[in-house]
Amino acid sequence: MDRECVSLLPRVCEVLAASGSSLPDDTSLEKLLDWFTGLTKAGTSLLESCPCLLEFISTVVHNTALDPSILSFTLRLTGFVAVTEVAFKVLQESSVLDLVFNLQHWQEAGLWEDPCIRIGWIQGLRTMMQHPKALSFFVQADFLQPLLQLQTDKSLFVASAANQMLAHVLLSCQSVSSVGSNDVDEEGEDVGRSGGSIADLEYSAVTVETNQDYAAVVTAISECLKKSLVPRENTQLHQSLQILKLLALLLAQTRPPLWEKLLQMVADSVDELLVAGYSQLILPLMDVILAAYSCDVNRRAPDQRVSRLLSFMLNIRKPADLIQAAAAFLRRGLHDLVHTAQSARVLLLPLDIITGLNLLTTTADEQRFLMMEQLKNKTSCISLICVCLTNTPQMTLMAADCLPCPPVLIVTAVLSLLKLCSGDSSSPSSSSSGCREVSRNVIGSSKVQKCALDALTALSGSPGVEVKLAEVFTLLVQCLDNPDSDPTVLQKSFQALVQWMSVCSDLSSITDQHRQDLLQVVRKRSCDIRWEVRDSTVEFLGRLAGVRVIQTTAEEASDASVAVLGGCCFTTPLLRAALQDTESYVRASAISALAQTLAASWQQGAALTQEQTEIVNQLLEVLSWDTEGFARRAVVRYFIAWLSSMSSHSCVQSPASSSLLMPSVRSVLSRGSADLDWEVKVHTLELAELLLDEAFSGQRGYTKGNPTQTHPYAVIPNTLHTRTHNEEDVVGVLNSLVQWGVVSALLSGLVDCDRPVALRACRLLITLREVVCPLSLGALDATAAMATVARVTCELPGCGWAREIRKMLVMKAKDANAEGGVSGGEVVNCDDCGEAGQEAASVGGQTPCVSVCEVLRSLDLDERLDVLTRSSDHVHNSPLSLLQDILTASSARSQPDTQQEVIADCY
Amino acid sequence: MKLYCLSGHPTLPCNVLKFKSTTIMLDCGLDTTSVLNFLPLPLVHSPRLSKLPGWISKDGTINLEKELKDCAGRVFVDSQPEFCLPERELLDLSTIDVILISNYHCMMALPYITEHTGFTGTVYATEPTLQIGRLLMEEVVNFMERVPKAQSATCWKNKEIQRMLPGPLKDAVDVWTWKRCYSMQEVNSALSKVQLVGYSQKVELFGAVQVSPLSSGYSLGSSNWIIQSHHEKVSYVSGSSLLTTHPQPMDQSSLKNSDVLILTGLTQMPTANPDGMLGEFCSNLAMTIRAGGNVLVPCYSSGVIYDLLECLYQFIESASLGTTPFYFISPVANSSLEFSQIFAEWLCHNKQTKVYLPEPPFPHAELIQTNKLKHYPSIHGDFSSEFRQPCVVFTGHPSLRFGDVVHFMELWGKSSLNTIIFTEPDFSYLDALAPYQPLAMKCVYCPIDTRLNFHQVSKLLKEVQPLHVVCPEQYTQPPLTQSHRSDLMLELQPPPMPYRRCSVLNLPFRRRYERVYILPELANSLVPSEIKPGVSVATVSAVVHSKDNKHTLQHGITEVKVEETADGHILHLQAEDTLIQLEEDGTHIVCDNNEPLRTTLRDLVLRFLQKL
């Protein structure tokens, strides 16, 4: 612990004990507790490190007139202090513990009514109860009953904390009992995970007597669960809900024999609850059953009682509850063929009814009738269908013998549903008026449409559904063409289309008419009145370009954009038009899409077209003139993509594209590093990094990526040593980096006011330094070894960042001179680095040049990295600052005169 | 209470309600779809249209070369277009007391009703309805008179001949009621009978009923009407809208508790959501302009065009259409654009508040100021010298049979770069385009109909809960082309009463009460006796005086003593000191010096004796 903090803590305690109202803000106490939590977790004994806490607790606990928030804080603090047995003993011996957790004490003072006291009491106990002594203390003080009462507290937070605490108590009792009874804890890890750190503690103190106490606690809790589970009246539903939550928690974490005991105790009540059929309790009830069932399944053959309960749940009469239960079961992903198949049947029933497709061969007539009645109500119809659709993709991944019908039929049903939604077709079973009544509930429902499209997207991966591609294609194009489709529906339709084309890479079933329809609709949507739609369209064009497909068996693979839209001749003009869009998101998406569209031609090293040259010019203009950051960021990313694809295929680089790329990259580096948006600058540095990677790949000492992330003892792959260290090479490369503007970009980033920019630049500069002039060589060696490299210079123009760099260099030189060192005197070539000198240089038309190596070695990059790595608010958020703030606020309060505002007379 | 239905068109209604002693015509819609059977009237000589072959029946027996022309595989009447009038034979139109107009689209038949039928009543409408209605009538008259056609085709209407004609002429109904357009003089005369009313203003009709317009939210000054007596209430809902467009929002609450609700003017495009259509309109427009083509929008000169221009105002920049000229061509273009800006009190709240700012309610003013929107009375004159392409042209008539639009169809129809976008829902676009086929230009159908859809109207009816609903029969079944869409019809309990052209409905409710006033002197003389707590009764003997459908009880003869005589009875009216002697062979009235009373009594006695 920080010494300064330790020295301040007693005064802070005094302040808090005197009056809590002088806190700087209401989060101070929470922050203090966070600090204590951290210390406790780090293994620090609070009482040893801060003995003042004992006095603080005993003072506060007697002063019930204090602010309840301070009292609650003290309760919780006591828990932290007593977390070790030693400290616990000290507290107990000084009688503080008894008083702190004495209910009567708080009740008599009239403070128990305040929920913050109650929650402080629970949390204090909960924190403390990490060792058997604390558990004994809990049992002997007979805290169980009040805790059970708190479980139905009117404050939800208190009730929930009480629930957690009860589970903790029970699990603690289980651990201690099992240790006490020499039952070897074969699942000690589980306990550690669930119940805290009890397993670490010694259990020798557990006597037979305490064992009996614990058994009594277990029985009392189980009894309470049993008794309160079934609500006697509707107002008690909340209580049942709480009990169910607790039960789910317990059944998931307890082991035999406690698990069996619990189950035995509550089984009848659960039965009763099931029969009562409270819809609000269905999900928590299912959680309980599934918790029991999962535990059970994982251990051995399922318990008969649990299986029966589960079967009961999956055959409930109320359709809405039934669907919820089935969905909950399916989400668990348990390996139970019978129940999984049953759940799938339940979840497919609404789809079967509404579409009239025979998805299910057999269903109980009564269940079908009840479901149909429920579906006639519009609100419940939509919600039921949505639940079914959400679970559909998961169903298709199930084993074939669990599914009542092949996945292709499910795809057909979803397509049919989408047609119903758009009002285009009637249900095939529309002969019955019931079905007509149901199907009209989904007409125009965009909620169902969205769910169905999500399901359709997910279904693309199901086995054997490829045959549906043409049908899916037609329907999605219809959705896209429908004037009433809302932007999200259109977006999801585009996504589904891309997904289906990427999964079913064989597009031979797509006809020319399909293509024409898609072309028409894409053209229309790219002019849509809503920017979200234009954005989705442009995104679609980009994504499509990234999908590899085969059109006919005879043909080679191409990208989907070429296959269905005719490729660049269609998409590029649309995307170029989107560059003029008024909405910056659309412009940004268009730039990304252009990059994706052109990626193939870059990778193939195709010759540059006039259009591509125009695009580059347009993008450079966007980078210079666009008022929104999104578009400018996208431009830099475009060049990153281009450069990456060129680097990875350098063997096929076309000189023509390089001749356009490199000058453009240079412009991007200079414009991007001068941008106002920090993300543009970070992207620019990424571009610079790519150039560094490209320039030094294989060079000794060059590590790709973040140098600080490399482990000092990591084995360096041999490949890195393959290229011999040739100084001439380095000089050449460094010269090109300077010419491309990489070094300038890095230096300007280094002095940037945005931390992420400066951090990235700093890391890259360190990487560069390690390659060209590693510090490890020492100053003299370096001078000798890199005499040639040191001659590589870069310009420091008169603009802001360069001035900063110059100042830093001068400072460094002065320091070096003062220390009598030799380096640094010649860092800056111009004679005088002061303002006068700069002016003289610029007047004379000369821009001062500096040696890159010397700059890299003189900038104290490592120290800078250290500072930048820390978060910008690390000072503000430190415990020391917190303690100081509390003290300052208190002194300001005690001297109110100093705080008085200056009142000016106004006439 | 009876309802006479004179029009079969659900959105261009013309019904007559007989309620108490009044005869009220509800709207005066003119079905203009008949013009689709006629050849277009080109503003500039069209070689194509002038050289069309005449129609002769296949066997050569019927030769109507002069009247009918074969154009693009269809037969059209070559004469001035004619309109289908409301039924005039169902009842004597001269008996109509008042005509209530709900919006400017529903008054186009007014001159046919008010002129030459002996109509002597009053027409009630709001000010924007009158002014914009006048513009629309003026526009139609102008369109017709600009291209005069001396010929009037009547032979084809002969039943025997019509039977032999190819469709759709063969299937045209009531062709003998079709009439040529009225003159400006008739328009002026008809509109001079209009009396202006404001929303919620109560107008007494002969003391019998009270009528009051309510905002219907569909167009500037559009209204629904409440027609009520003391104990009965009839609501007339015509074109109404719940969408937030330019007019004042619809007043729904006043429609509550109606005995009968007559429901007309629902959307003609129940499956086309106006927002979606607006989006389609904009994207197709942008697509065409980007490809270097022109856009033609056949539309009325008032109504949705204001919303279209407002939408485009926002869309122009995002679609990079800033330099594309927009032209609005109509003889009343200028008046329409300016009128819209001055009817502030009839606008939606949002636009009303703009009146207090230094900016006009509609942004088309800014489009005009910045020269993005230019308006011209016709293609002749200034327009021809300033016309630049590619451009967007808004012009009438949406039927494509007359007006400047005919010229643009001839001019642009041959190029696939151009697009025609239909926004008005009144005409089938395929029929409208029929005489221009084959057509290379793209056609986009984006009918924007903001009137209530079935979902909205069901909700509305649930809220206002009328006892009975009367509606056109088209609303009681799903559309013919979408028979599975049971959501596109009215399903009510009790079921709505459907009507069609020429139906006469006995509205299913009886008047049970009538309000009668008691004069104070008479009221004072009453002696109520309590028959049970809170309920007192008194016998009243008085004279009912009825004038202007207002009934008043006045003092009359109160004390009558009846004496039996051997031959009959003697009634002694004590206060009047009069005797009425009723005997088998004679009746005598003995009344000194009160000749008027004697005469009255004599007449009364004679009436009763006759009844006996």
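Bear in mind that the values here come from a model prediction, so they are computed numbers and not experimental data.

Engineer: So what about the overall build of chain A? Which residues, and what values?
Structural biologist: Each helix and strand in chain A was counted, giving 45 helices and four strands. Counting only residues that meet the buried cut, chain A has 52% of its 907 residues in that class. Taking the intrachain contacts of chain A between residues at least 6 apart in sequence as the baseline, contacts between residues at least 24 apart amount to 73%. About 40400 Å² of surface is accessible on chain A, with carbon and sulfur atoms providing 52% of the total.

Engineer: Could you give me a rundown of the state of the cysteines, with the residues and numbers involved?
Structural biologist: Residue and element names in this part refer to chain A. All told, the structure shown has zero disulfides over all chains when counted by the stated rule. Free of any disulfide, Cys381 has its nearest cysteine sulfur in Cys386, 8.9 Å distant. Not part of a disulfide, Cys504 finds its nearest cysteine sulfur in Cys479, a span of 17 Å. Cys504 sits in the buried class, given a relative accessible area of 3%.

Engineer: Provide a residue-level description of the nonpolar core, including the pertinent values.
Structural biologist: Judged by nonpolar contacts, the single largest core of 297 residues is most densely connected at Trp121, Leu518, Tyr638, Phe639 and Leu737 of chain A. With 11 residues, helix H39 (residues 755–772) of chain A is the single largest residue contributor to this core. One finds Leu6, Leu85, Ala109 and Phe281 of chain B within the second-largest nonpolar core, a separate group that totals 109 residues.

Engineer: Mind laying out the UniProt feature "domain: Beta-Casp" (unreviewed entry) in chain B, listing which residues take part and the relevant values?
Structural biologist: According to UniProt, the positions carrying the feature "domain: Beta-Casp" (unreviewed entry) are residues 305–433 of chain B. The span residues 305–433 of chain B carries 42% helix and 12% strand; its end-to-end C-alpha distance comes to 21 Å.

Engineer: Lay out the interface of chain A and chain B in plain terms, naming residues and giving numbers.
Structural biologist: Every contact between the two is made by 23 residues of chain A and, on the other side, 23 residues of chain B. When the area that chain A buries against chain B is broken down by residue, the three leading residues are Arg440, Cys527 and Ile529 of chain A, summing to 31%. Across the chain A-chain B interface, the total number found is two salt bridges. Counting across the chain A and chain B interface gives five residue pairs in polar contact (both at pLDDT 80 or more). Residues that form the side of chain A that touches chain B fall into these classes: five nonpolar, eight polar and 10 charged.

Engineer: Which residues make up the packing of aromatic side chains, and what are the values?
Structural biologist: Here the structure, examined in full by the defined rule, presents 36 aromatic pairs over all chains. Between Phe383 of chain B and Phe387 of chain B the ring centres are 5.0 Å apart and the planes differ by 40°, which places this aromatic pair in the tilted class. Between Phe422 of chain B and Tyr429 of chain B, the aromatic rings sit 5.8 Å apart at their centres with planes inclined by 55°, giving tilted as the arrangement. A connected cluster of aromatic rings, assembled from ring pairs, spans Phe88, Phe101, Trp112, Trp121, Phe137, Phe138 and Phe143 of chain A.

About the cut-offs
Residues numbered from 1 in each chain as written. Chains lettered and ligands numbered in written order. Predicted model: local features only at pLDDT ≥ 70, side-chain atom pairs only at ≥ 80, totals over all residues. Heavy atoms only, no water. Helix = DSSP H or I, 4+ residues; strand = E, 2+ residues; numbered from the N terminus. Buried < 20%, exposed > 50% of the residue type's maximum accessible area, 1.4 Å probe, protein only. Contact = heavy atoms within 4.5 Å. Areas by Shrake-Rupley, 256 points an atom, 1.4 Å probe, with all protein chains shown as cover. Disulfide = S-S within 2.5 Å. Core = buried A, V, L, I, M, F, W, Y, C linked by side-chain atoms within 4.5 Å. UniProt positions renumbered as here; feature names shortened; annotations may be inferred. Buried area = accessible area lost by both parts, 1.4 Å probe. Salt bridge = Lys/Arg side-chain N within 4 Å of Asp/Glu carboxyl O. Polar contact = N/O pair within 3.5 Å; in protein donor to acceptor, adjacent residues only side chain to side chain. Nonpolar A, V, L, I, M, F, W, Y, C, P; charged D, E, K, R; others polar. Phe/Tyr/Trp six-rings, centres within 6.5 Å; stacked < 30°, edge-to-face > 60°.

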